[in-house]
2 protein chains.
Amino acid sequence: MVVELICVGTELLLGNIVNTNAAFLSEQCAALGLSNYYQTVVGDNEERLKGVMKTAMERSDIVILSGGLGPTKDDLTKETAAALLGKKLKLHEPSKKKIQDFFEKRNITPTENNWKQAMAPEGAIVVENENGTAPGFIIEEGEKALILLPGPPNELLPMFEKSIKPYLKEKEPGIILSQTIKICGLGESYVETMIQDMIEKQENPTIAPYAKTGEVHLRATARAKSEKEAKKLLKPMTKELKSRIGGYIYTTEENVTLEMAVIDLLKNNRLTLTIAESCTGGMIVSRLINVQGASDVVREGLVTYSNKAKRKYLGVKKGTLAKKGAVSEETAKEMAKGGVFFTKSDVCIATTGIAGPGGGSEEKPVGLVYIGCNVCGKITVKKYQFGGGREKIRQSATAAALTLLRQCVLEHYSKVTFGKEKKEK
Amino acid sequence: MVVELICVGTELLLGNIVNTNAAFLSEQCAALGLSNYYQTVVGDNEERLKGVMKTAMERSDIVILSGGLGPTKDDLTKETAAALLGKKLKLHEPSKKKIQDFFEKRNITPTENNWKQAMAPEGAIVVENENGTAPGFIIEEGEKALILLPGPPNELLPMFEKSIKPYLKEKEPGIILSQTIKICGLGESYVETMIQDMIEKQENPTIAPYAKTGEVHLRATARAKSEKEAKKLLKPMTKELKSRIGGYIYTTEENVTLEMAVIDLLKNNRLTLTIAESCTGGMIVSRLINVQGASDVVREGLVTYSNKAKRKYLGVKKGTLAKKGAVSEETAKEMAKGGVFFTKSDVCIATTGIAGPGGGSEEKPVGLVYIGCNVCGKITVKKYQFGGGREKIRQSATAAALTLLRQCVLEHYSKVTFGKEKKEK
């Protein structure tokens, strides 16, 4: 079955945003075993949009559109699709109700254009949007289907996961099963070298690496007639990967993030955590608190950005700051030590570094970060050198901190050992 | 003049990489005053590539292709373009020499397929690649042109800057200038209602709204013969927007973010800030610290996720937590009060809310957030109800906190007043 993507939006044509929706949707469709030969970006222009839709409907089985479902006059994806397929727009009561509730809750009077989002093409399946007021639509036309999704990624992604994926799975009955293996603490090229032979002789299942900030994900994908058969194909490959990569694999679940794995690990060992952040300034604690139930583990987080705060909250010595500097192995060590001592928690992860763009020197360049981890009194400090801009450096340091935290707890409690960290950019 | 983009590569169709080339090229073309109506992604398949090229040549003046210029059999952009235009491929001596030098320097014998990169379509302008072995090409066909660029961004970007931009500038002597207006504290549809008449009669400059989490951006774009003329066209529109939207506009600079505007505002008033976060747990401080020079304003940040931490660091009363609950107007108020008192800062922004998915009740549903702001003793507390999942709620609360902080400081120091917050999702 052939799927085609159309992303609608002038901001894409103007280069104001990068088309991450297309990357997400194509990755998902590939994982579902759907072929994708064309992707098009077109602006909020009725005539051109209609032309592109028509071409896509002719040459592909399923056309997924993103964008242009908002309340403004500019948004005309739904209207154009309906016109192309000769369908009328009708009021969809549940959507109207949802919009009403949304505004009532906020004590705001909706403007006239908000009601536009309650209209649905006749006969379309209306797909609920849990993160916005614009519903999605599946319009079936014989064997073919047009799928309309909202443009904002935080609406599109969950809608696809929850409603579109199951729909597409049913359409493509041969089964594609994927197994994700998520790795932290090893760089992409290093992982690739470890599995080079598997990549070279891959057939079914296939295997592909994806680099994320501070992580590498592997996806093994099997194509088979039944789920049982696909699982059977995947099993030996997953086993082989686990035996090669070992403890660096933090999960084999698609929906588990590194922060979830860390929270789980701490919770299972009944450990409480204090986060003491300087250069990462809230990024680590923010990722951890994104995990539901983080409150069992994270009682407090301290952003000790100034030297004064490092002394006040963590007891870092004046002399250490003066002699070694705020960005030093010693400061990271004292932060991790004080973090446990002053907050009476079991574990502390502490970061200090130079996020840039200013503040670097030859001896301590921008991107230099020390991360200290204190697990019940045993303190480990590691030195890192990250590349990229301020935000990228902070993100890399955050991922490294979560990775180090995980490794230290595992070494302490599960006797798992980790080699020297193998990393590339 | 109309330009069209075609990005060639199976890795784009599989979602292995995000199409940053398209974003770069479209932004560049927009800045050069070229219109762009279509972007297509197609795989390394001769027939489909030829079809896409043909369509593009028919409807646009300039077609820019990226990718498929490598040495392997898969790479067939140049061959397909030559075939479409009925041109032969001929050996290009300087390219051959360059490849020879490249391999000699590295003491490697080139393989047969490397010489493929020395072939050029008859009559094409060969564009030197300073960062790789694949040259680019400009093939002119009457008034139209086909521009072939290598796929790797580190080759494409410099080649475009150095050779393609001057070529396009000559082709399109006009200019496009954009003015961004960034707004916080007002919802997208509300903003649109405010400027409905301007959107309806837009011509040159055009105007378009973009919704971001907790923000609305407007972009006014003028087309003119010179920069001076474009500026003259934009000026009255910007003035009109400022007079209608007033203090809700936090910047008219493309590169300024809300957190930058907040840091700047505090810095200009010589104010220090403490961030006391419960439900947003590090998100606010993390955004603020992303701003270079945030250290002048943000000395520390406290993530007081547990009741205990709220009492210990902020002096929230036991009785308040017991009687009113952690998520209440009173707790937010005491957090904001204690944040200033215990850290001796001038301003404190404090959040407490229910991020979900669990923990909600009829009285206090998921998404309920109280934000307190203390500016030199004057405390404002606002109640919010956000929608979406845990992350979205936290992001919305973060944007709302930055907005409230900005408004409170402006009301206190600049006597700017803000009406009742008008918001939709």
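First, a word on scope: everything that follows refers to the structure included in this document.

Reading the values: rules and limits
Residues numbered from 1 in each chain as written. Chains lettered and ligands numbered in written order. Predicted model: local features only at pLDDT ≥ 70, side-chain atom pairs only at ≥ 80, totals over all residues. Heavy atoms only, no water. Helix = DSSP H or I, 4+ residues; strand = E, 2+ residues; numbered from the N terminus. Buried < 20%, exposed > 50% of the residue type's maximum accessible area, 1.4 Å probe, protein only. Contact = heavy atoms within 4.5 Å. Areas by Shrake-Rupley, 256 points an atom, 1.4 Å probe, with all protein chains shown as cover. Lys, Arg positive; Asp, Glu negative; His and termini not counted. Charge placed at Lys NZ, Arg CZ, Asp CG, Glu CD. Salt bridge = Lys/Arg side-chain N within 4 Å of Asp/Glu carboxyl O. Polar contact = N/O pair within 3.5 Å; in protein donor to acceptor, adjacent residues only side chain to side chain. Pairing = 2+ DSSP bridges. Patch = residues over 30% accessible without salt bridge, like charges linked within 9 Å, V, L, I, M, F, W, Y side chains within 5 Å. 1 Å grid on protein atoms, 1.4 Å probe; cavity = no way out; pocket = protein on both sides within 12 Å on 5 of 7 lines; lining within 4 Å. Points joined across faces, edges and corners; volume = space filled by probe spheres on them. Nonpolar A, V, L, I, M, F, W, Y, C, P; charged D, E, K, R; others polar. Phe/Tyr/Trp six-rings, centres within 6.5 Å; stacked < 30°, edge-to-face > 60°. Lys NZ or Arg CZ within 6 Å of the ring centre and 35° of its normal. Expected span 1.5 Å × (residues − 1). Axes fitted to C-alpha atoms, helices over the stretch in contact; angles between N-to-C directions.

**Description of the overall build of chain A**
Point 1. Broken down by element type, chain A carries 15 helices and 17 strands.
Point 2. C-alpha atoms of chain A, sized along the principal axes, occupy 75 × 55 × 40 Å.
Point 3. The buried share of chain A, taken over its 425 residues, is 55%.
Point 4. A separation of at least 24 residues holds for 68% of the contacts in chain A among residues at least 6 apart in sequence.
Point 5. Total accessible area on chain A is roughly 18500 Å²; 50% of this is exposed by carbon and sulfur atoms.
Point 6. Here chain A holds 61 positive side-chain charges and 51 negative ones, and the gap between their average locations is 8 Å.

**Quick look at the interface of chain B and chain A**
Point 1. The interface is formed by 77 residues belonging to chain B together with 76 residues belonging to chain A.
Point 2. Between the two partners, chain B and chain A, sit 3 salt bridges.
Point 3. With a closest N to O distance of 3.5 Å, B:Lys312 and A:Glu300 form a salt bridge.
Point 4. Viewed at the interface, chain A and chain B are joined by 31 residue pairs in polar contact (both at pLDDT 80 or more).
Point 5. The pairing of strand 2 (residues 35-42) of chain A with strand 2 (residues 35-42) of chain B spans 5 bridges and is classified as antiparallel. Within strand 2 of chain B, the residue paired with A:Tyr38 across the bridge is B:Val42.

**A short note on a positive patch on the surface**
Point 1. Among the surface-exposed residues, A:Arg299, A:Lys344, B:Lys308, B:Arg311 and B:Lys318 lie close enough to one another that they form a single positively charged patch.
Point 2. For B:Lys308, the location among the structural elements is in helix 12 (residues 307-314).

**Here we look at the layout of surface pockets**
Point 1. Approximately 630 Å³ is the volume attributed to the second largest pocket.
Point 2. A:Ala30, A:Ala31, A:Thr206, A:Arg223 and B:Leu14 are, among the 32 residues lining the second largest pocket, the residues nearest its centre.
Point 3. Among the secondary structure elements, those contributing two or more residues to the lining of the second largest pocket are helix 2 (20-31), strand 2, strand 10 (206-212) and strand 11 (215-224) of chain A together with helix 1 (10-13) of chain B.
Point 4. Take the lining of the second largest pocket: its biggest share by element is 5 residues, from strand 10 of chain A.
Point 5. Residues that form the lining of the second largest pocket fall into these classes: 13 nonpolar, 12 polar and 7 charged.

**So, the environment of B:Phe24**
All names here are of chain B.
Point 1. Within the secondary structure, Phe 24 is located in helix 2 (residues 20-31).
Point 2. On the basis of relative accessible area, Phe 24 is assigned to the buried category, the value being 15%.
Point 3. Taking C-alpha positions, Phe 24 is 19 Å from Gln 179, a pair spaced 155 residues apart along the chain.

**Here's the deal with the packing of aromatic side chains**
Point 1. Counted by the stated rule, this structure contains 11 aromatic pairs over all chains.
Point 2. Taking 5.3 Å as the distance between ring centres and 75 degrees as the angle between the ring planes, the aromatic pair formed by A:Phe102 and A:Phe103 counts as edge-to-face. Neither A:Phe102 nor A:Phe103 differs from the other in exposure class; each is buried.
Point 3. One cation-aromatic arrangement involves A:Arg59 over A:Tyr38; the distance from NZ or CZ to the ring centre is 3.5 Å.
Point 4. Residue placement shows B:Arg48 over the ring face of A:Tyr37; its charged tip is 3.7 Å from the ring centre.

**Quick word on the pattern of salt bridges**
Point 1. As enumerated under the stated definition, the model contains 33 salt bridges over all chains in all.
Point 2. A salt bridge links A:Glu130 to A:Lys162; its shortest N-O distance comes to 2.5 Å. Here A:Glu130, found in the loop between strand 6 (125-127) and strand 7 (136-141), pairs with A:Lys162, found in helix 6 (residues 153-171); they are 32 residues apart in sequence, far enough to count as distant.
Point 3. Accessibility expressed as a relative area gives 45% for A:Glu130, which makes it partly exposed.
Point 4. In this structure A:Lys162 comes out as exposed when scored by relative accessible area, which is 55%.
Point 5. Here B:Asp101 and B:Lys97 are joined by a salt bridge, their closest N and O atoms 3.0 Å apart. Of this pair, B:Asp101 and B:Lys97 both sit in helix 5 (residues 93-105), 4 residues apart, roughly one helical turn.
Point 6. The partly exposed category is assigned to B:Lys97, whose relative accessible area is 46%.
Point 7. Linked by salt bridges that have partners in common, A:Glu27, A:Arg219 and A:Glu254 make up one network.

**Examining the side chain of A:Glu155**
Point 1. Inspection of the secondary structure assignment puts A:Glu155 in helix 6.
Point 2. A distance of 2.8 Å separates polar atoms of two side chains, one belonging to A:Glu155 and the other to A:Asn129.

**Some points on helix 14 (residues 329-343) of chain A**
Residues and elements named next belong to chain A.
Point 1. Helix length check: helix 14 (15 residues) gives 21 Å between terminal C-alpha atoms against 21 Å at 1.5 Å per residue, within 8%.
Point 2. Buried within helix 14 we find Thr 331, Ala 332, Glu 334, Met 335, Ala 336, Gly 338, Gly 339, Val 340 and Thr 343.
Point 3. Looking one or two residues beyond helix 14, the residue adopting positive phi is Lys 344, at roughly 60 degrees.

**Thoughts on the sheet that holds strand 12 (residues 249-251) of chain B**
Residue and element names in this part refer to chain B.
Point 1. One open sheet accounts for 4 strands, arranged 10-11-9-12; its pairing is antiparallel. Lying at the two open borders of the sheet, with one neighbouring strand each, are strand 10 (206-212) and strand 12. Here the strands of the sheet are splayed against their neighbours by 35 degrees on average, with no regard to which way each runs.

**Some thoughts on helix 2 of chain A**
Residue and element names in this part refer to chain A.
Point 1. Helix length check: helix 2, at 12 residues, gives a terminal C-alpha distance of 17 Å against a target of 16 Å (1.5 Å per residue), a fit within 8%.
Point 2. The buried fraction of helix 2 amounts to 9 of the 12 residues, a majority that puts the element mostly inside the structure.
Point 3. Buried residues of helix 2: Asn 21, Ala 22, Ala 23, Phe 24, Leu 25, Ser 26, Glu 27, Gln 28 and Cys 29, and no others.
Point 4. Remark: Gly 33 follows helix 2 within two positions and exhibits a positive phi of approximately 85 degrees.

**Thoughts on the pairing of strand 3 (residues 62-66) of chain A**
Residues and elements named next belong to chain A.
Point 1. Counting buried positions along strand 3 gives 5 out of 5 residues, so the element sits mostly inside the fold.
Point 2. Here strand 3 shows two buried faces, one formed by Ile 62, Ile 64 and Ser 66 and the other by Val 63 and Leu 65.
Point 3. Sheet topology places strand 3 next to strand 8 (residues 144-149); 5 bridges connect them, and they run parallel. Residue Leu 65 lies in a different strand from strand 8, and its bridge partner there is Leu 148.

**Observations concerning empty space enclosed by the protein**
Point 1. For the structure on display, the rule yields 3 cavities of 30 Å³ or more.
Point 2. Empty space within the largest cavity amounts to approximately 170 Å³.
Point 3. If you trace the largest cavity, you find 22 residues lining it, with A:Asn19, A:Ala22, A:Gln39, B:Asn19 and B:Val41 closest to the centre.
Point 4. At the level of secondary structure, the elements contributing two or more residues to the lining of the largest cavity comprise helix 2 and strand 2 of chain A together with helix 2 and strand 2 of chain B.
Point 5. Per-class residue counts for the lining of the largest cavity are 14 nonpolar, 8 polar and no charged.
Point 6. Of the pockets and cavities examined, the second largest cavity occupies roughly 40 Å³.
Point 7. Around the second largest cavity, the lining residues are A:Thr72, A:Lys73, A:Asp74, B:Glu192, B:Ile199, B:Ile207, B:Ala208 and B:Pro209.
Point 8. Among the elements that take part in the lining of the second largest cavity, strand 10 of chain B stands out by supplying 3 residues, more than any other.
Point 9. Across the lining of the second largest cavity, the residue classes break down as 4 nonpolar, 1 polar and 3 charged.

**Focus: the side chain of B:Thr331**
Residue and element names in this part refer to chain B.
Point 1. Positionally, Thr 331 belongs in helix 14 (residues 329-343).
Point 2. According to the relative accessible area criterion, Thr 331 is buried, its value standing at 0%.
Point 3. Polar side-chain contacts of Thr 331 include one of 3.0 Å to the side chain of Ser 328.
Point 4. Residues within four places of Thr 331 in sequence aside, it is in contact with Lys 310, Val 316, Thr 320, Leu 321, Gly 325 and Ala 326.

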